[in-house]
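# Fold and contact review
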Amino acid sequence: MDFIVMALGNIIGSGIFLASSLVISVAGVWTPAAYLLGGLIMMMEVAFIIEMSVANPVAGSFRVYAREIFGDWWGYVIGWMFWTSGVLGMASEVTACAIFMQLWLHHVPLWIFSLTFSILITMINLNDLKGLSKIETGLSFIKVATLVVFIVIGFAVAFGVKVGNATESLAQFYSAASGGGKGITGLLASMLLILFAYTGTGIIGMAVNETEKPERVIPGAAKIITISVVLLYTLAAFFIVAIMPPGALDTKTSPFVTLFTIFRIPFAPDIVNFILLTASLSALNSQVYSASRMLFSLAEDHEAPRLTARKNKKGVPVAAVWLSGIVLMGVVLLSYLLPKTIFIYTVSASGFLAMVNWMSVSVTHVFYRRKIEKTAPEKLKYKAPWYPYLSWFCFALILVIFLSSPLYPDQLPGLYSGGGILLVIALSYLLIKKKK
């Protein structure tokens, strides 16, 4: 149960509650298909991670497996890339929290809220997995319930039930879809934002090492998690597109706030804004968990500051949590310099690094399965389907998405910065190697 709660908390966040407005502005009526495609990619990646993690449950998960297959250099790059992507993802979530807070306190600068939430979440993550899951239980329930309620209302409105001022029906969606909208080009252009919405799955590999009897617990729990998230995201996206009145979409505002206001739910803006705030806090909380565990794994291999390998009596890598939190505080200060664009920049940079990581997981799975089958086939207690064709298909699909990213020009600065970070990480290994 702790594992399911933490995973849901890590995945469901601003990727649907805030970034969906950006996705709709790019993909139009193809938005539901984009979320469905991204969800299928996520499910493939989760299957690969589970197979390797159950066969060899170690701290660091897919970083360790990539290192075994491709050598120390790639293991180092993957580890630091995952951690950096996690910090950027945390920055996206904490920025979303600040944006939601500004609905109530317009005159308070974005960076003050961002810094405050960064400190708060860092302190919360000094708890162990059980302590964190207690906090996540309430937060995750709120955001899952919000999506379910929205989908139920959306279903009713789309099929003609009068709810508030909502007058649109499926006719609007069919009309837009028959016109082609922005077509496959819009779908591909939005996929980097879509993959960002699903990047929290890395916590599945991180949590296996802290889960009892992972071969029994993880596969079934992961199936529940992935199917639930894909259905919630795809259906929510469909009803947003179907119901949203023409011209009502605002890329700087959550579409949920707009639509719940149209539904005439009492105090809708404040209630929904609070819900969205808790949703982003939940995702932020879980991302600090997964990023700090990766940093701890790097420290164990002497590829991160030795201090971050220390644990307290609860088994929490406190130094890794603090360092991740401090770097997050530094990143969110960018909201002082770039208050209008910080969200899209951090989302696209995080999405780029996550995309490279997912391609690495796909290829690593091909060779890791081959290695386990030769050396210890009894460890393969769970097998991802259609090996190795599914792994190569997933890799090719993500590569196509990567090459299509420039179709959405606003995310180019994030792509450039993500590529620059990847280059710096790769080159920094030479310094580490020389020091060793």
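The structure we're discussing is the one just above.
These notes cover the structure that comes with them. Fair warning: this is a prediction, and the values are worked out from it, not measured in the lab.

## Considering the overall build of the protein
In terms of regular secondary structure, the protein is built from 19 helices and zero strands. Within the protein, buried positions represent 58% of all 436 residues. Contacts spanning at least 24 positions in sequence make up 82% of the contacts within the protein whose residues lie at least 6 apart. Of the roughly 17400 Å² of accessible surface on the protein, 69% is carried by carbon and sulfur atoms.

## With respect to the packing of aromatic side chains
Describing an aromatic ring pair means giving the distance of the ring centres and the angle of the ring planes. In this structure the tally under the stated criterion is 13 aromatic pairs. Summarising the aromatic geometry, the rings of Trp 73 and Trp 74 are spaced 5.5 Å apart at their centres and angled 45 degrees between planes, so their arrangement reads as tilted. Site record: aromatic cluster; members linked through ring pairs are Tyr 35, Tyr 198 and Tyr 233. Of note, Arg 369 hangs over the ring of Tyr 387, and the distance from its end group to the ring centre comes to 4.3 Å.

## What about a nonpolar patch on the surface?
On the surface, Leu 103, Trp 104, Leu 105 and Phe 274 cluster together into a nonpolar patch covering about 340 Å² of accessible area. You can see Trp 104 is positioned in the loop between α6 (72-101) and α7 (110-124).

## Considerations on the pattern of salt bridges
Enumeration according to the criterion identifies five salt bridges in this entry. The salt bridge partner of Arg 369 is Glu 51, with a shortest N-O separation of 2.7 Å. A residue pair is termed long-range when its members are at least 10 positions apart, and Arg 369 in helix α17 (residues 342-375) and Glu 51 in helix α4 (residues 31-55) qualify at 318 residues. The salt bridge involving Arg 67 is made with Asp 72; its shortest N-O contact spans 2.8 Å. Overall, the relative accessible area of 21% leaves Arg 67 in the partly exposed class. Note on Asp 72: relative accessible area 36%, which makes it partly exposed.

## What about the side chain of Ser 360?
Locating Ser 360 in the fold gives a position in helix α17. Of the residues examined, Ser 360 reaches a relative accessible area of 8% and is grouped as buried. In this structure the side chain of Ser 360 is engaged in a polar contact, spanning 2.8 Å, whose partner is the side chain of Trp 74.

## What about the packing of α7 against helix α14 (residues 268-300)?
Running from amino to carboxyl end, α7 crosses α14 at an angle of 55 degrees, the nearest separation of the two axes being 9 Å. It follows that α7 is oblique to α14 by the angle criterion. Remark: the crossing between α7 and α14 carries right-handed chirality. Where α7 abuts α14, its residues Phe 117, Ile 121 and Ile 124 lie against Leu 277, Leu 281, Leu 284, Asn 285 and Val 288.

Here is what the cut-offs are and how they apply
Residues numbered from 1 in each chain as written. Predicted model: local features only at pLDDT ≥ 70, side-chain atom pairs only at ≥ 80, totals over all residues. Heavy atoms only, no water. Helix = DSSP H or I, 4+ residues; strand = E, 2+ residues; numbered from the N terminus. Buried < 20%, exposed > 50% of the residue type's maximum accessible area, 1.4 Å probe, protein only. Contact = heavy atoms within 4.5 Å. Areas by Shrake-Rupley, 256 points an atom, 1.4 Å probe, with all protein chains shown as cover. Phe/Tyr/Trp six-rings, centres within 6.5 Å; stacked < 30°, edge-to-face > 60°. Lys NZ or Arg CZ within 6 Å of the ring centre and 35° of its normal. Patch = residues over 30% accessible without salt bridge, like charges linked within 9 Å, V, L, I, M, F, W, Y side chains within 5 Å. Salt bridge = Lys/Arg side-chain N within 4 Å of Asp/Glu carboxyl O. Polar contact = N/O pair within 3.5 Å; in protein donor to acceptor, adjacent residues only side chain to side chain. Axes fitted to C-alpha atoms, helices over the stretch in contact; angles between N-to-C directions. Parallel < 35°, antiparallel > 145°, perpendicular 65-115°, else oblique. Left-handed = near helix turned anticlockwise from the far one by under 90°.

None of the figures reported here should be taken as evidence of function without further support.
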